[in-house]
Amino acid sequence: MVAYLPHMVATLAPPAPAGRPRATAPPAGLLEIETIRDIRAVPSGGRDRGSDPVRPPAGQNVPVPNLTAVRPLEPWTAPTATDPVASTLRLPGSKSLTARALVLSAVADGPSTLRHPLRARDTELMAGGLRAMGAHVSTVDDERWLIRPNPLQGPAHVDVGLSGTVMRFVPPVAGLAEGPVTFDGDPHARLRPLGPLVGALRSIGVRIDTTEGASLPLTVQGAGQVLGGEVVIDASASSQFVSGLLLGGARFARGIVVRHVGPPVPSAPHLRMTVQMLRAAGAAVDDTTPDVWAVEPGRLSGRGWDIEPDLSGAVPFFAAALVTGGGVTLLGWPRSSLQPVDTLRELLSRMGGEVTLGTDGLTVRGTGVIRGLDADLSDVSEFTPVLAALAVLADSPSRLRGVAHIRGHETDRLAALARELNGLGADVTDTADGLEIRPRPLRGAAFRTYADHRMAHAAAVIGLSVPGIELDDVACTSKTMPEFPALWSTMVTGGDGRQ
Ligand SMILES: O=C(O)C1=C[C@@H](OP(=O)(O)O)[C@@H](O)[C@H](O)C1
Ligand SMILES: C=C(OP(=O)(O)O)C(=O)O
């Protein structure tokens, strides 16, 4: 297992003036990745697998020094494939399943275990945030994490990094804690949408202090309980607002009813995942009315969670089969999945791949052709960067639609993709809700990732057939798959990626 950000160095930025802490610009060549509010929470080396809650001493308010950890950018030349890939891989667990299982376990009645969890920056931060509020979360064993719920307490600080799941799933749970829980993250996390969730929580009695608008940094003044009831929310900017409210909602005194009003909520499969996992933990959930979800108040059981491999993380590897005319098999794929495997199968088939689910796993084969794609990706917007990478290599134009909200992801993905793909010679326009892509002959060039793991995946896919794609930073893949560069090189050079 590749260590989490082994190259991290701690740098102390000057203290921020009173009021809103400053997002200090990192020196050239360094990427600011993590704002640490309590340096004791992250020992030097950056890895905290401990099992003890890390909290400021009782009664002491949460310290908010502007301590910033920066890491150097890690430039990377995407390897070019000289032969079709022929790879069988075991990939890490799903970020979305790991995040939900951690949250549900922390508010359950008894202990839980996560088998094959994802160990990556997002899930370590989720574990760290729950631990800071008092949950016992042991992540020492790579294959089996143990969670023992405890009464949740502040003062505590939650570093959300750049993680949408941490910044949207933990504040509702923090309302259940007794005492203040502060939240902040990477500089770009402050720009990611959060207002509708803050508004919804306030409407059911959760006190939240913000310094500027309804975004990070913020403090949830936990009262030890949340009244709950009905909230009306515009969740068109992120399905995670709804998932966060539902995951905490079973423990609210009146449960929760979430009523969405506004343009469509994206990422329907992630909402189904939330509902199914809540039910698996014993919650009564009604999702029969479109755009309304109701969770009855009640106890949640601790249980064993088996975490499936991460489908979104698998997409670049499958794309490699199409680009090189080879084959990639992902081991350990369940027969019945909580992730949108059928949608991926359909999209890759339409682009020219052959997808089969067999006893050995999920296999994608390239046929030597990549076809352009006209598709609404609102259900699977995470796939957009890699599908855009395939589209610039296709034999006809593509239109990727329905993903306006990904301008609020790790970066403005529509703008970033248009800019970087055009820099390689493609002809890409970002539209109000997607991308129009006209393939052109491509050349190797610099490719900026904007701290976005899926931008790095996209560049890696193009690099298979276009030599000289120079990423400014590949370490951003540690958000969801620290072992990405190693696994990718193994796949390209024909090694065994089963681990
Ligand atoms: O709930 C989840 O685990 C996720 C939901 C989606 O968020 P959005 O609805 O904000 O796109 C997805 O893009 C994200 O990577 C993970
Ligand atoms: C949008 C993503 O992540 P997040 O959970 O941070 O929103 C993603 O992983 O593509």
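Residues numbered from 1 in each chain as written. Chains lettered and ligands numbered in written order. Predicted model: local features only at pLDDT ≥ 70, side-chain atom pairs only at ≥ 80, totals over all residues.

Engineer: Please clarify how the site of ligand 1 should be interpreted in this entry.
Structural biologist: Neighbouring residues of ligand 1: 14 residues in total, closest Ser96, Ser238, Ser239, Ser267 and His270. Those elements giving two or more residues to the shell around ligand 1 turn out to be helix H1 (95-106), helix H3 (164-174) and helix H5 (240-249). For the shell around ligand 1, the class distribution of residues is two nonpolar, 11 polar and one charged. Of the domains in this structure, domain 1 (9-67 + 95-306) and domain 2 (76-92 + 309-493) are the two that each give at least three residues to the shell around ligand 1. (Near = placed C-beta within 6 Å. Helix = DSSP H or I, 4+ residues; strand = E, 2+ residues; numbered from the N terminus. Nonpolar A, V, L, I, M, F, W, Y, C, P; charged D, E, K, R; others polar. Domains from an automatic or database assignment.)

Engineer: Looking at this structure, I do not really get the UniProt feature "active site" (unreviewed entry) in the protein. What am I missing?
Structural biologist: As annotated in UniProt, the feature "active site" (unreviewed entry) corresponds to Glu382 in the numbering used here. On the neighbour-count criterion, glutamate 382 (27 C-beta atoms within 10 Å) is buried. Discounting chain neighbours no more than four positions away, the residues touching glutamate 382 are Ser312 and Arg454. (UniProt positions renumbered as here; feature names shortened; annotations may be inferred. Buried ≥ 20, exposed ≤ 12 C-beta atoms within 10 Å, placed from the backbone. Contact = placed C-beta atoms within 7 Å.)

Engineer: So what exactly am I meant to see when it comes to helix H2 (residues 121-132) here?
Structural biologist: In a regular helix each residue adds 1.5 Å, so 12 residues correspond to 16 Å; H2 covers 16 Å between its end C-alpha atoms and thus fits that length. H2 sits mainly inside the fold: 12 of its 12 residues count as buried. By the burial criterion, the buried members of H2 are Arg121, Asp122, Thr123, Glu124, Leu125, Met126, Ala127, Gly128, Gly129, Leu130, Arg131 and Ala132. Looking at the buried side of H2, the elements it contacts are H1, strand E7 (136-141), strand E9 (156-159) and H3. Two residues or fewer past H2, glycine 134 is found with a positive phi of approximately 120 degrees. (Expected span 1.5 Å × (residues − 1).)

Engineer: Quick question: what am I supposed to make of the site of ligand 2 here?
Structural biologist: As a matter of local geometry, ligand 2 sits amid Ser163, Gly164, Thr165, Glu382, His409, Glu410, Arg454 and Thr480. Within the shell around ligand 2, the residues separate by chemical class into no nonpolar, five polar and three charged. Inspection of the shell around ligand 2 shows a minimum of three residues originating in each of domain 1 (9-67 + 95-306) and domain 2 (76-92 + 309-493).

Engineer: Would you take a moment to explain the UniProt feature "binding site: phosphoenolpyruvate" (unreviewed entry) in the protein for this structure?
Structural biologist: The sites that UniProt annotates as "binding site: phosphoenolpyruvate" (unreviewed entry) are Lys95, Gly164, Arg192, Gln240, Arg413, Arg454 and Lys479. If you trace the backbone, glutamine 240 turns up in helix H5. Ignoring anything within four residues of it in the chain, the contact list for glutamine 240 reads Gly164, Thr165, Arg168 and Phe169. Along the chain, the position of lysine 479 falls in the loop between strand E26 (470-471) and helix H12 (484-493). Once residues lying within four places of it in the same chain are set aside, the contact partners of lysine 479 are Ala120, Arg121, Asp122, Leu162 and His453.

Engineer: I would appreciate a short explanation of the sheet that holds strand E21 (residues 374-376) in the present structure.
Structural biologist: Backbone hydrogen bonds hold the strands of a sheet together, and the pairing may be parallel or antiparallel. Spatially, E21-E22-E24-E23 is the arrangement adopted by the four strands of the open sheet, whose pairing is mixed. Sheet topology places E21 and strand E23 (427-430) at the edges, where each strand pairs with a single neighbour. Sheet twist, expressed as the mean angle between neighbouring strand axes with direction ignored, is 10 degrees. Relative to strand E22 (residues 398-401), E21 runs parallel, the two being bridged by three bridges. Looking at E22, one finds that alanine 375 is bridged to leucine 400. (Pairing = 2+ DSSP bridges. Axes fitted to C-alpha atoms, helices over the stretch in contact; angles between N-to-C directions.)

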